[in-house]
Amino acid sequence: MFIDKAKIFVKSGNGGDGAITFRREKYVPLGGPDGGDGGKGGSIIFQVETGITTLLDFKYKKRFIAEAGGNGSGAKCYGKDGQNLVIKVPMGTIIREAVSNKIVADLSHKGQELVLLKGGKGGKGNVKFATATKQAPHYAEPGMPGDELNLILELKLLADVGLLGFPNVGKSTLLSMTTKAKPKIANYHFTTLKPNLGVVAVDGIEPFVMADIPGIIEGAAEGVGLGIQFLRHIERTRLLIHIVDISGVEGREPFEDFVKINEELKKYSVKLWDRPQIVVANKTDMLYDDSIFEDFKKKVQEMGFDKVFKMSAATNDGVDAVMKEAARMLKEIPITELEISEDEMYIPEEKKFTYEIKVEHNKDEEEEYDVYIVEGTFVDRLLSAVNVNDADSLRYFHKVLRNKGIFDEIREMGIKDGDMVRLNDFEFEYVL
């Protein structure tokens, strides 16, 4: 099954928490803090694997979560680092951020690796907070959470030459005659339902990769037929071979077909439409009048396409000439990376722990007072780091609130003696 698009969720591992422990040995009842740091969380790594040709593996597995770092422990023992999660994808995979649809990365080189999401940093154990004046800290640092993203994986095949044309014009036959690829061939439309790749190895030329792109018909750029699914696969090609059924046995006009396919290319991408083309009039073995080809060639050349060939893929007549011209042109066309503008690139936001403050007015039987409610990721992280029932830990808690500027902010908001400050489930009375 050929799958060229998939949506997945990835998350790097959380960092392990630092430990709050104290050395306790015989004859050493108060040995001081010895809590070790937490381990680093595993990262999400994408790796190009040349043996994979589709995104089929992502049809059934859609969540990828790296291992979390281990928590620190006593005796200054560090937690174990989480194992990295390596996700293997075929060469030519584009990774997009699902919400913005912007491009995160283009994995188009053999063996290429990308560390997409780094694991969360491990938290410091309480031994790291010990000072000359604070010798037994009852608090430690929690591990940093891992990053997460919803992604769209999009496969764009890597080929030097792309075969274009309406269904049943002979694209698959040409591919089978010039490569070892074995596409399905039959005398009906849409015989080919997936792109096929093959290496052209004709005597006297440098080998190159050719792709048979199915289902491009009039209206393909708007989603008619199968074309919109597969037009992306010729975006990387350097040269197009446009095949037309010159015989007209199906009642179609060859030149009109040629114009319609080029219109679809232009609608999909001007860059694709502007790519060099070799025009091939196929099925000449069924042509009853040579003037039909000459008339077609004249019209095509008037449009600016100079390379027009006669061919019969079924009898192999003219095939070598087309392949040799393709190889010659490829030598003159430079290999370029897929162009991605700055507007198309996804720039990850810097991870920040934030908070917001709301005020609620309360009234009981004895008095009226305001409650200043502090919420956000900063609050969650702070409360996970301290023990509010321990005096030293509580002092550290208030120091962090002061350093973060929360006390200054609530004073500017008009807090008074006797008002309450609430952080999640923990609440205390404010005293100037």
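How each quantity is defined
- Every residue gets a number counted from 1 within its own chain, in the order that chain's sequence is written.
- It should be noted that, the model being predicted, local features are given only for residues of pLDDT at least 70 and side-chain atom pairs only at 80 or more, the latter also being counted only at that level, while totals for whole chains, interfaces and linings use all residues.
- Hydrogens and waters are ignored; side-chain quantities use all the structure's heavy atoms.
- Counting from the N terminus, the helices are the DSSP runs of H or I reaching at least four residues and the strands are the DSSP runs of E reaching at least two.
- For the exposure calls, accessible area comes from a 1.4 Å probe over protein chains only, and a residue counts as buried if that area is under 20% of its type's maximum, exposed if over 50%, partly exposed in between.
- Helix axes are fitted only over the stretch in contact, all axes being lines through C-alpha atoms; the angle between N-to-C directions runs from 0 to 180 degrees.
- Orientation is classified from the angle alone, with under 35 degrees giving roughly parallel, over 145 giving roughly antiparallel, 65 to 115 giving roughly perpendicular, and any other angle giving oblique.
- A clockwise turn of the near helix away from the far one marks a right-handed crossing, whereas an anticlockwise turn of less than a right angle marks a left-handed crossing.
- Note on definitions: a residue-residue contact is assigned when non-hydrogen atoms from the two residues lie within 4.5 Å.
- When residues are sorted by character, Ala, Val, Leu, Ile, Met, Phe, Trp, Tyr, Cys and Pro go into the nonpolar class, Asp, Glu, Lys and Arg into the charged class, and all the rest, Gly among them, into the polar class.
- Each salt bridge in this description consists of a side-chain nitrogen of Lys or Arg and a carboxyl oxygen of Asp or Glu lying within 4 Å of one another.
- Only rings of Phe, Tyr and Trp enter the pairing, Trp through its six-membered ring, and a pair is recorded when the two centres are within 6.5 Å. The plane angle decides the type: under 30 degrees is stacked, over 60 is edge-to-face, the rest tilted.
- Definition used: whenever NZ (Lys) or CZ (Arg) falls within 6 Å of the ring centre and also within 35 degrees of the ring normal, the charge is taken to sit over that ring.
- In this scheme, strands are said to pair when DSSP sees at least two bridges between them.
- Each residue after the first adds 1.5 Å to the expected span of a helix.

A. Layout of the overall build of the protein chain. Looking only at helices and strands, one finds nine helices and 18 strands in the protein chain. For the protein chain, with 432 residues in total, the buried portion stands at 48%.

B. Quick peek at the environment of S108. As for its position among the elements, S108 is in the loop between β6 (103-107) and β7 (113-117). Sequence separation of S108 and G92 is 16 residues, and the distance between their C-alpha atoms is 4.3 Å.

C. Up close: the packing of helix α3 (residues 254-268) against helix α5 (residues 290-302). Contact pair α3 / α5: the axes reach a minimum separation of 10 Å and the direction vectors enclose 25°. Taken together, the axes of α3 and α5 lie roughly parallel to each other. Taken as a pair, α3 and α5 cross one another with a handedness that is right-handed. Two secondary-structure elements touch here, α3 through P254, F255 and F258 and α5 through F296, K299 and V300. Partitioned by chemical class, the residues of the contact of α3 with α5 number five nonpolar, no polar and one charged.

D. How the structure looks around the side chain of T237. Tracing the chain through its elements places T237 in the loop between α2 (227-230) and β12 (239-245). The buried category is assigned to T237, whose relative accessible area is 2%. Once residues lying within four places of it in the same chain are set aside, the contact partners of T237 are A159, D160, V161, G162 and R275.

E. Structural view of the pattern of salt bridges. For the structure on display, the rule yields 16 salt bridges. Linking K358 and E375 is a salt bridge whose minimum nitrogen-to-oxygen distance equals 3.5 Å. With K358 in strand β15 (residues 356-363) and E375 in strand β16 (residues 368-375), the pair connects residues that are 17 residues apart, well separated along the chain. Overall, K358 belongs to the partly exposed group, its relative accessible area being 42%. For E375, a relative accessible area of 30% puts it in the partly exposed group. Put simply, K307, E325, R328 and E332 are held in one network by salt bridges that share partners.

F. Spatial organisation of the packing of aromatic side chains. Across all of its chains, the model carries nine aromatic pairs by this definition. Seen from their ring centres, F129 and Y396 are 5.8 Å apart, and the 70° between their planes marks the pair as edge-to-face. Residue F129 is located in the loop between β7 and β8 (148-155), and its partner Y396 is located in helix α8 (residues 391-404); the two are separated by 267 residues in the primary sequence. Here the two residues F129 and Y396 agree in accessibility, since each one is buried. Note on F258 and F296: the rings are 6.4 Å apart at their centroids and 85° apart in plane angle, and the pair reads as edge-to-face. Placement of F258 in helix α3 and of F296 in helix α5 is noted, with a sequence separation of 38 residues between them. The rings of F258, F296 and F305 are connected pair by pair, giving a single aromatic cluster. Positioned over the ring face of W273 is K266, at 4.5 Å from the centre of the ring. The side chain of K310 reaches across the aromatic face of F293, ending 5.5 Å from its centre.

G. Local environment of the sheet that holds strand β13 (residues 277-282). Pairing in this open sheet of six strands is mixed, and the strands run β10-β11-β9-β12-β13-β14 from one edge to the other. Bordering the open sheet on either side are β10 (196-200) and β14 (308-310), each of which pairs with just one other strand. Pairwise comparison of adjacent strand axes, ignoring direction, gives a mean angle of 25° for this sheet. As defined by bridge partners, β13 adjoins β14 across three bridges and the pair is classed as parallel. In the sheet register, V279 faces β14, and the bridge partner there is V308. Lying over the sheet, α3 contacts β9 (161-164), β12 and β13, oriented at roughly 145° with respect to β12. Its contacts with the sheet put helix α6 (residues 319-332) on β9, β10, β11 (208-212), β12, β13 and β14, and the angle it makes with β12 is roughly 155°.

H. Up close: α6. For α6, which comprises 14 residues, the first-to-last C-alpha distance of 21 Å matches the rise-based estimate of 20 Å (1.5 Å per residue) to within 8%. For α6, the complete set of buried residues consists of V319, V322, M323, E325, A326, A327, M329 and L330.

I. Region of interest: the sheet that holds strand β17 (residues 420-423). With mixed pairing, four strands are arranged side by side in an open sheet as β15-β16-β17-β18. In this open sheet, the two strands that pair with only one neighbour each are β15 and β18 (426-429). Strand after strand, the sheet turns through a mean of 25° between neighbouring axes, direction not considered. Here β17 runs beside β18; their pairing, made up of four bridges, is antiparallel. When the bridges of β18 are listed, M420 appears paired with E429. Each of β17 and β18 is contacted by α8, which is oriented at about 80° to β18, the strand it contacts most.

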